Amino acid sequence: MRYSFTMNTLVKTGGAWLVSPSLAAVRRMSVAGFATSSSSSVPNWEGGVSMVQGASRGIGLEFVRQLLENNKKGHVVATCRNPKEATSLINLKNSFSERLFIQKLDVTDETTIEESAESVRERYGSLNLLINATGILSIPGVLQPETTLNKVEKSSLMLAYEVNAVGPILVMKHMWPLLKAGGGNGTEREVAVVANLSARVGSIGDNKLGGWHSYRASKTALNQLTKNVSVELGRRKDPVVCILLHPGTVDTDLSRPFQRNVPEGKLFTKEYSVQKLLHIINNAKKQDNGKFFAWDGQEIPW
Ligand SMILES: NC(=O)c1ccc[n+]([C@@H]2O[C@H](COP(=O)([O-])OP(=O)(O)OC[C@H]3O[C@@H](n4cnc5c(N)ncnc54)[C@H](OP(=O)(O)O)[C@@H]3O)[C@@H](O)[C@H]2O)c1
């Protein structure tokens, strides 16, 4: 049995209609295993609808900018913890008022994730692309990348895990009922795409340097959780592809304290990295489901 959304209703194809279900009801259905993503009764937004989670600055903000500029008919939902303080996003809103929607979402507060899903459902009915760009590596006085085992703190491990791994998986859980094939840069993608921003340091196979226990382990957890979801959705034959992306070392607030040892030519601009990542996203195929790609399209070992 397949269910799908219109703007205000949930439709049981070939059967009874359920009108305006609560989000909790929607979640129960998705937990119960009803596919919601492949029906044609969802409104078709020309250009598609993308969500960038973690869009206040850095790579997430650049995704928002390029999605709006590259696809003249695409709509973008940009989420962040403090919309009122996200000045760069607000500036973008001034240029793209019709196609950019800013929504509050803090990955450590599941209520805000549920509210965002509800808001997207009411406003657009579906999502073609979900990018989880949130991530923390260091927070002065709170979280420092550990150079040795002696520096490992339970609080750092838990915080990194909460923001970098638990948050994105909860966002996937709540957005999943909305995912629908389509969108893309002037093309109709044959799948919906979920792209989670990971990091090469999350690879166990690639770990030769050690250190950064909290960040590394949280990205490894994100990789496993994303891979796990990809297996589940693949088994259900949902037209959704989940991928993990390593953006390279990119000049943002996150990398700034650690840029000293980056070899010349290996520190990318946000513009360059996001351009490469969008190329991977726009060309994602069913066979890419569950893969971990670097910015240049090379697969990274687990
Ligand atoms: N930059 C690199 O070299 C690099 C390399 C490998 C992987 N990555 C990954 O790429 C992604 C983007 O990194 P970036 O360099 O753009 O980092 P960034 O400039 O530090 O931006 C991080 C973003 O995460 C948001 N965030 C933090 N905690 C949050 C929470 N609880 N709820 C919602 N959003 C939250 C921040 O929002 P606020 O403004 O509210 O703090 C900000 O928008 C991360 O997953 C990172 O691990 C980056």
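Residues numbered from 1 in each chain as written. Predicted model: local features only at pLDDT ≥ 70, side-chain atom pairs only at ≥ 80, totals over all residues. Heavy atoms only, no water.

Heads up, the rule is: UniProt positions are given in the numbering used here, feature names are shortened, and annotations may be inferred rather than shown by experiment.
An unreviewed UniProt entry lists the protein chain under the name 3-oxoacyl-[acyl-carrier-protein] reductase, from Brassica rapa subsp. trilocularis. Listed under Subcellular location (unreviewed entry) in UniProt, the entry text for the protein chain is "Plastid, Chloroplast".

**Description of the overall build of the protein chain**
For clarity, the cut-off: Runs of H or I in DSSP of at least four residues are treated as helices and runs of E of at least two as strands, each being numbered from the N terminus. Partly exposed residues are those whose accessible area sits between 20% and 50% of the maximum for their type, while under 20% is buried and over 50% is exposed, using a 1.4 Å probe and protein chains only. Residues are treated as being in contact if the distance between any of their heavy atoms lies within 4.5 Å. To be clear on the numbers: accessible area is Shrake-Rupley with a 1.4 Å probe, and residue cover counts the displayed protein chains and nothing else.
The secondary structure content of the protein chain amounts to seven helices and 12 strands. A burial count over the protein chain gives 52% of its 302 residues as buried. A separation of at least 24 residues holds for 70% of the contacts in the protein chain among residues at least 6 apart in sequence. A total of about 14,300 Å² of accessible surface is found on the protein chain, and carbon and sulfur atoms cover 51% of it.

**Digging into the site of the ligand**
Cut-off, in case you're wondering: Whether a residue is near a molecule or strand depends on its heavy atoms: it is near if one of them lies within 4 Å of it. For this analysis, a polar contact is any N or O atom pair within 3.5 Å, provided that within protein one partner can donate a hydrogen and the other can accept it, and provided that sequence-adjacent residues contribute only side-chain to side-chain pairs. Under this grouping Gly is polar, as are all residues other than the nonpolar Ala, Val, Leu, Ile, Met, Phe, Trp, Tyr, Cys and Pro and the charged Asp, Glu, Lys and Arg.
What surrounds the ligand is a group of 30 residues, the closest being Ser56, Ile59, Arg81, Tyr215 and Thr252. Arginine 81 is positioned such that a nitrogen or oxygen atom in its side chain is 2.6 Å from an oxygen atom of the ligand. In this structure, an oxygen atom belonging to the ligand sits 3.5 Å away from a main-chain N or O atom of leucine 197. Those elements giving two or more residues to the shell around the ligand turn out to be α2 (58-70), α6 (213-235) and β10 (249-250). Across the shell around the ligand, the residue classes tally to 12 nonpolar, 13 polar and five charged.

**A look at the pairing of strand β7 (residues 129-132)**
Defined as follows: Between any two strands, pairing holds if DSSP finds at least two bridges.
Residues of β7 alternate between two faces, with Leu129 and Ile131 on one and Leu130 and Asn132 on the opposite face, all of them buried. The pairing of β7 with strand β8 (residues 192-197) spans four bridges and is classified as parallel. The residue bridging asparagine 132 from the neighbouring strand is asparagine 196, located in β8.

**Re the pairing of strand β4 (residues 49-53)**
Definition in use: Handedness is read with the strands pointing away from the viewer; a crossover is right-handed when the path from the first strand over the helix to the second is clockwise.
Burial runs high along β4: five of the five residues are buried. In this fold, the crossover linking β4 to strand β5 (residues 75-80) by way of α2 has right-handed handedness. Inspection of the sheet shows β4 paired to β7 by four bridges, in the parallel sense. Paired with valine 52 across the two strands is isoleucine 131, which belongs to β7.

**With respect to the packing of α2 against helix α7 (residues 270-282)**
Selection rule: What counts as an axis is a line fitted to C-alpha atoms, over the stretch in contact for a helix, and the angles between N-to-C directions run from 0 to 180 degrees. Note: crossing handedness is left-handed where the near helix turns anticlockwise from the far helix by less than a right angle, and right-handed where it turns clockwise.
At a minimum axis separation of 9 Å, α2 and α7 run at an interaxial angle of 65°. Crossing of α2 against α7: the hand is right-handed. For the pair α2 and α7, the contacting residues are Gly58, Ile59, Glu62, Phe63, Arg65, Gln66, Leu67 and Asn70 in the first and Lys270, Glu271, Val274, Gln275, Leu277, Leu278 and Ile281 in the second. Class assignment for the residues of the contact of α2 with α7 results in seven nonpolar, four polar and four charged.

**Thoughts on helix α4 (residues 110-123)**
Put simply, the rule reads: Given the number of residues in a helix, its expected span is that number minus one, multiplied by 1.5 Å.
For α4, spanning 14 residues, the distance from its first C-alpha to its last is 20 Å, which sits close to the expected 20 Å at 1.5 Å a residue. Taken together, the buried positions of α4 are Thr112, Ile113, Ser116, Ala117, Glu118, Ser119, Val120 and Arg121. Of the residues flanking the end of α4, it is glycine 125, one or two places downstream, whose phi is positive at about 85°.

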